[in-house]
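Take a look at the letters that make up each chain.
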Amino acid sequence: MEIESEVSVLTPNPLLAALRIPGETFRLPSQGLFYDEGVLDESVKNGEVEVYPMTAIDEIIISTPDKLLSGKAISEIFARCIPQIKQTHKLLAKDVDFLMVCLRMVSFGQFMEVAYTHQCNDAKEHTYNVDLQAMIRAAKSIDPTTLSQEYVSVLSNGQRVHLKPMTYGDIIELYQDTMLSKTEEIDEKEAEKIVVNTISSVVSNVDGVYDRNFIKEWAIHLPLGMKKQIQKDINSVGDWGIEMKSQHTCQDCGEVMSLRISANPVNFFT
Ligand SMILES: [Zn+2]
């Protein structure tokens, strides 16, 4: 329910100025390349965006399951906290991962406590401090000079498959498909749909054909060997962005272990 305010307040509230924490600037791992006009604000230069801390409203939004599933929670929060992002769904998924870590750090500080139990004998649960700043600094930018060559996968039948990195919207769509099929028995049709959508979301065009329906039909008939070739090429060009891992020493056995943190907003922001 919307509550309408009866008065329009024109005087700026003097209480709010003191609460306004300055933002921090971060450079997207994609450097803002790939984006059509309107995805980022015109003021963005070199892929640098300003990130402001989350407020109590954002924390409520992020714990709304329906909004999370549709991707709306992240879109709304980005609109408020990273106002230079105009269309979150069209961002590359790797930029979204990166921005989530930036937002977490700007809102709650450099270190994130993670509870973890190692697999060694008599291991107990310990709290480890993940250094988000170090993670952000280690993020790899995409190499713009190699883009055109690297994003073509040539199949054994000679077809040239032009690949594009996944957008956040693609991920949401795939996620919804998977959630849907988890509630029921996965029938053959459902499984096929997931495979086709996964391929179609990373293929920009095949031999210059961009038609989504043609590409989907082509993906259905794609032999397994060619699917694997495409998957391999996707992985090799995907070597950029933020690695959500950090190294820690087990407090029980002293072994160095690698902890992977999840960017799932539910546990990442609460
Ligand atoms: Zn251990």
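It should be emphasised that the depicted structure is a prediction, and the values quoted were computed from it without experimental measurement.

Undergrad: A description of the overall build of the protein should follow, citing residues and the corresponding values.
TA: Scanning the protein from terminus to terminus reveals 12 helices and 9 strands. Within the protein, the proportion of its 270 residues that are buried is 39%. Sequence-distant contacts in the protein: of pairs separated by 6 or more residues, those separated by 24 or more amount to 63%.

Undergrad: Tell me about the coordination of the zinc ion, and please be specific about residues and values.
TA: The protein atoms that coordinate the zinc ion are His118 (ND1), Cys120 (SG), Cys250 (SG) and Cys253 (SG), at distances of 2.0 to 2.4 Å. Considering all 4 donor atoms around the zinc ion, angles at the metal cover 103 to 121° and the coordination shape is tetrahedral. Positions of the donor residues of the zinc ion, expressed as sequence spacing, correspond to H-x1-C-x129-C-x2-C. Here the residue His118 occupies a position in the loop between β3 (111-117) and β4 (125-131), and Cys253 occupies one in the loop between β8 (245-249) and β9 (256-260), the gap between them amounting to 135 residues. Classification of Cys253 as partly exposed rests on a relative accessible area of 39%.

Undergrad: Pulling in residues and values, what's your account of the environment of Leu92?
TA: Structurally, Leu92 can be placed in the loop between α4 (72-81) and α5 (93-108). For the pair Leu92 and Thr167, spaced 75 residues apart in the sequence, the C-alpha separation amounts to 4.0 Å. With residues up to four places along the chain from it excluded, the contact list for Leu92 reads Ser30, Phe34, Tyr35, Pro165, Met166, Thr167, Tyr168 and Trp240.

Undergrad: Go over the sheet that holds strand β5 (residues 152-154) with me, naming the residues and quoting the values.
TA: An order of β5-β6-β7 is seen for the 3 strands of this open sheet, with the pairing classed as antiparallel. Across the chains shown, the open sheet's two edge strands, defined by having one partner strand only, are β5 and β7 (203-206). Strand-to-strand twist of the sheet, defined as the mean angle between neighbouring strand axes without regard to direction, takes the value 25°. Against the sheet, helix α9 (residues 188-202) engages β6 (160-163) and β7, with an angle of about 85° to β7.

Undergrad: With reference to specific residues and values, describe the nonpolar core.
TA: One finds Val51, Phe78, Leu91, Leu99, Val203, Trp218 and Ile261 to be the most contacted residues of the largest nonpolar core, which totals 67 residues. For this core, the element with the most residues is α5, which contributes 9 residues. No fewer than three residues from each of domain 1 (22-140 + 241-268) and domain 2 (144-237) sit in this core.

Undergrad: If you had to explain the environment of Trp218 to someone new, which residues and values would you point to?
TA: Considering the arrangement of structural elements, one finds Trp218 in helix α10 (residues 212-221). Each C-alpha atom, one on Trp218 and one on Ile199, is 9.9 Å from the other, the two residues being 19 residues apart in sequence. If we skip the residues at most four places from it in the chain, Trp218 touches Leu155, Gln159, Val161, Ile199, Val203, Val206 and Ile230.

Undergrad: Tell me about the environment of Ser200, and name the residues and values.
TA: Along the polypeptide, Ser200 turns up in helix α9. Discounting residues that sit within four places of it in the chain, Ser200 has contacts with Arg212, Ile215 and Lys216.

Undergrad: Quick one: what's the story with unusual backbone geometry, residue by residue and with numbers?
TA: Despite not being glycine, Asn46 has its phi angle at roughly 55°, a positive value. If you trace the backbone, Asn46 turns up in the loop between β1 (24-27) and β2 (48-51). Owing to a relative accessible area of 53%, Asn46 belongs among the exposed residues under this scheme. Its identity as a non-glycine residue notwithstanding, Asp207 has a phi of 50°, on the positive side. By the element assignment, Asp207 lies in the loop between β7 and α10. The class for Asp207 is partly exposed, based on a relative accessible area of 45%.

Undergrad: Account for the packing of aromatic side chains, naming residues and giving values.
TA: Counted under the stated rule, the structure contains 1 aromatic pair. Residue placement shows Lys94 over the ring face of Trp240; its charged tip is 5.4 Å from the ring centre.

Undergrad: Which residues make up the packing of α9 against α10, and what values do they have?
TA: Where α9 meets α10, the closest approach of the two axes is 9 Å, and the angle between their N-to-C directions is 125°. Classified by the angle between their axes, α9 and α10 sit oblique to one another. Here α9 runs over α10; the crossing is right-handed. Across the interface between the two elements, Glu192, Val196, Asn197, Ile199 and Ser200 from α9 touch Arg212, Ile215, Lys216, Trp218, Ala219 and Ile220 from α10. Tallied by class, residues from the contact of α9 with α10 come to 6 nonpolar, 2 polar and 3 charged.

Undergrad: Hey, could you go over the confidence of the model for the protein for me, with residue numbers and the actual values?
TA: Across the protein, pLDDT averages 85, with 88% of residues at or above 70. The lowest-confidence element of the protein is helix α7 (residues 147-150), averaging 57 in pLDDT; the highest-confidence one is β1, averaging 97. Taken together, the stretch residues 1-5 has pLDDT below 50 and engages in 0 contacts with residues farther than four places along the chain or on a different chain.

Cut-offs and rules
- Residues numbered from 1 in each chain as written.
- Predicted model: local features only at pLDDT ≥ 70, side-chain atom pairs only at ≥ 80, totals over all residues.
- Heavy atoms only, no water.
- Helix = DSSP H or I, 4+ residues; strand = E, 2+ residues; numbered from the N terminus.
- Buried < 20%, exposed > 50% of the residue type's maximum accessible area, 1.4 Å probe, protein only.
- Contact = heavy atoms within 4.5 Å.
- Donors = N, O, S within 2.8 Å, 3.2 Å for Na, K, Ca; no water.
- Tetrahedral: all angles 85-135°; square planar, octahedral: opposite > 155°, others 65-115°.
- Pairing = 2+ DSSP bridges.
- Axes fitted to C-alpha atoms, helices over the stretch in contact; angles between N-to-C directions.
- Core = buried A, V, L, I, M, F, W, Y, C linked by side-chain atoms within 4.5 Å.
- Domains from an automatic or database assignment.
- Phe/Tyr/Trp six-rings, centres within 6.5 Å; stacked < 30°, edge-to-face > 60°.
- Lys NZ or Arg CZ within 6 Å of the ring centre and 35° of its normal.
- Parallel < 35°, antiparallel > 145°, perpendicular 65-115°, else oblique.
- Left-handed = near helix turned anticlockwise from the far one by under 90°.
- Nonpolar A, V, L, I, M, F, W, Y, C, P; charged D, E, K, R; others polar.
- pLDDT = per-residue confidence, 0-100.

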